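Each chain is listed here by its residues.
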Amino acid sequence: MNVPFFNYEARYAQDKEVIKDMIFRVGTSNNFILKECVAAFEERIRQYTGAKHAIATCSGTGALTILLRAMGVQSGVDVLTPAFSFISTASTISLLGGRPVFVDVDPRTGMMDPNDLEAKITPNSRVVIPTHLFSVMADMRAINEIAARHQLVVLEDSAVSLGASMQGTMAGLLGKAGLYSFFPAKPLGGIGDGAIIVTNDDELATRCRMLRNHGQDGITRFLHHHLGYNHRMDETVALYLTHKLERFDSLIARRAEIAGQYHEAFKSLAPQIEVVLDDDYERVYYTYVLQAEDRDGLRHDLHERGIETQIYYPEALPLQPAFQHLGHKRGDFPHAEGIAKRSLALPLYAEMQDEHVQYVIESVMAYSSKVNAYV
Ligand SMILES: Cc1ncc(COP(=O)(O)O)c(C=O)c1O
């Protein structure tokens, strides 16, 4: 049996005709970018999340750039960011001239460790970026409390967490601002790149809107209040996302159902194979990541059985060649480095067939008993 890690074919199968119609409709409308489809999508995201403002952008990376610029990140400003994450957060800080100050992660969850955050705050720290990865959320209560004491602005990297919530507040709205990415692999995957910023802050929202479109205010064309970007969303992307948002809750429910089956099967395998079991927040499963002592052995075994897996992420960010100039060395971020060695993502998507889910479970269990037999 072959179980692909992603299955875009299945993912978009039911929308083929809809997508064709949408492309025809937008392609012949003379309205291609940042028009009524984008405005309608922003309105739907406001309704779905409860955000006061939603600002659609070209990508999650673009959204982070706009937000960090709007929050005043530039040369001389330090931004606290997790040592284990996708590169977007740390790279956008650097590209704006700021300095990423890496914070180690909680070894159990892989999310920003509040104790290390407090230890890493510098006199130039202005912003902290807690990131929620895979399906796990950062400890927002502790991070918000530390941020309030040190006057740090909290930018939640909720790129993969649309639909997740903590005590009734959506991920993305637990700090000053957040964002959701609609890269096709994400839980609400689009037909191209795209993302949206959410915030309840009027002033920040106004600044983000202007920065998205070359510093213009949306009223007077070619009047540029600031130097901004072309980080706008296309109408086709917005139209499709609005359509897909209608069934988003059932898509994330199916993801949670599969994750529940994985949890049930794998919880007995600790400490050799560990998963983060449910916490006191509503999770949305982007990918299903486990920690395995012999990650590469497990990955090889699953590959031999036709199961494709991914490693998110194979190296702690401070040790990436792109951040060599910051002078970090192996051992500086023990938990991030450990997780980079042990993480393995299993296939998980709403369209996955039950027999594939069962096959993945059987294969992980078989590997585990084989390894136990050698011990
Ligand atoms: C946690 C996180 N932040 C930011 C991004 C960037 O989003 P995009 O790919 O839309 O630029 C990603 C994308 O994978 C992500 O996983």
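Residues numbered from 1 in each chain as written. Predicted model: local features only at pLDDT ≥ 70, side-chain atom pairs only at ≥ 80, totals over all residues. Heavy atoms only, no water.

**A closer look at the domain arrangement of the protein chain**
- Splitting the protein chain by domain gives domain 1 (8-245) and domain 2 (248-374).
- For domain 1 versus domain 2, the distance between C-alpha centres works out to 25 Å.
- With 42 residues of domain 1 at the interface, the matching set in domain 2 holds 33 residues.
- Where domain 1 abuts domain 2, roughly 3,400 Å² becomes buried across the two surfaces, and 65% of that area is made up of carbon and sulfur atoms.
- Counting the contacts that link domain 1 with domain 2 gives two salt bridges.
- Between R141 and D280 there is a salt bridge whose closest N-O contact spans 3.1 Å. (Domains from an automatic or database assignment. Contact = heavy atoms within 4.5 Å. Buried area = accessible area lost by both parts, 1.4 Å probe. Salt bridge = Lys/Arg side-chain N within 4 Å of Asp/Glu carboxyl O.)

**Structural notes on the UniProt feature "modified residue: N6-(pyridoxal phosphate)lysine" (unreviewed entry) in the protein chain**
- Cross-referencing UniProt, the feature "modified residue: N6-(pyridoxal phosphate)lysine" (unreviewed entry) maps to K186 in the present numbering.
- Turning to its location among the elements, K186 is positioned in the loop between strand 8 (177-181) and strand 9 (195-199).
- Ignoring anything within four residues of it in the chain, the contact list for K186 reads R11, A159, V160, S181, R255 and Y286. (UniProt positions renumbered as here; feature names shortened; annotations may be inferred. Helix = DSSP H or I, 4+ residues; strand = E, 2+ residues; numbered from the N terminus.)

**Looking at the environment of E235**
- Within the fold, E235 resides in helix 9 (residues 235-245).
- Look past the residues within four positions of E235 in its chain and what remains in contact with it is V26, N31, F32, I33, L34, K35, E36, C37 and V38.
- In terms of polar contacts, E235 uses its side chain to reach the backbone amide nitrogen of C37, at 3.0 Å. (Polar contact = N/O pair within 3.5 Å; in protein donor to acceptor, adjacent residues only side chain to side chain.)

**Some points on the UniProt feature "active site" (unreviewed entry) in the protein chain**
- In the numbering adopted here, UniProt assigns the feature "active site" (unreviewed entry) to K186.
- Taking the relative accessible area as the measure of exposure, K186 reaches 12% and is therefore buried. (Buried < 20%, exposed > 50% of the residue type's maximum accessible area, 1.4 Å probe, protein only.)

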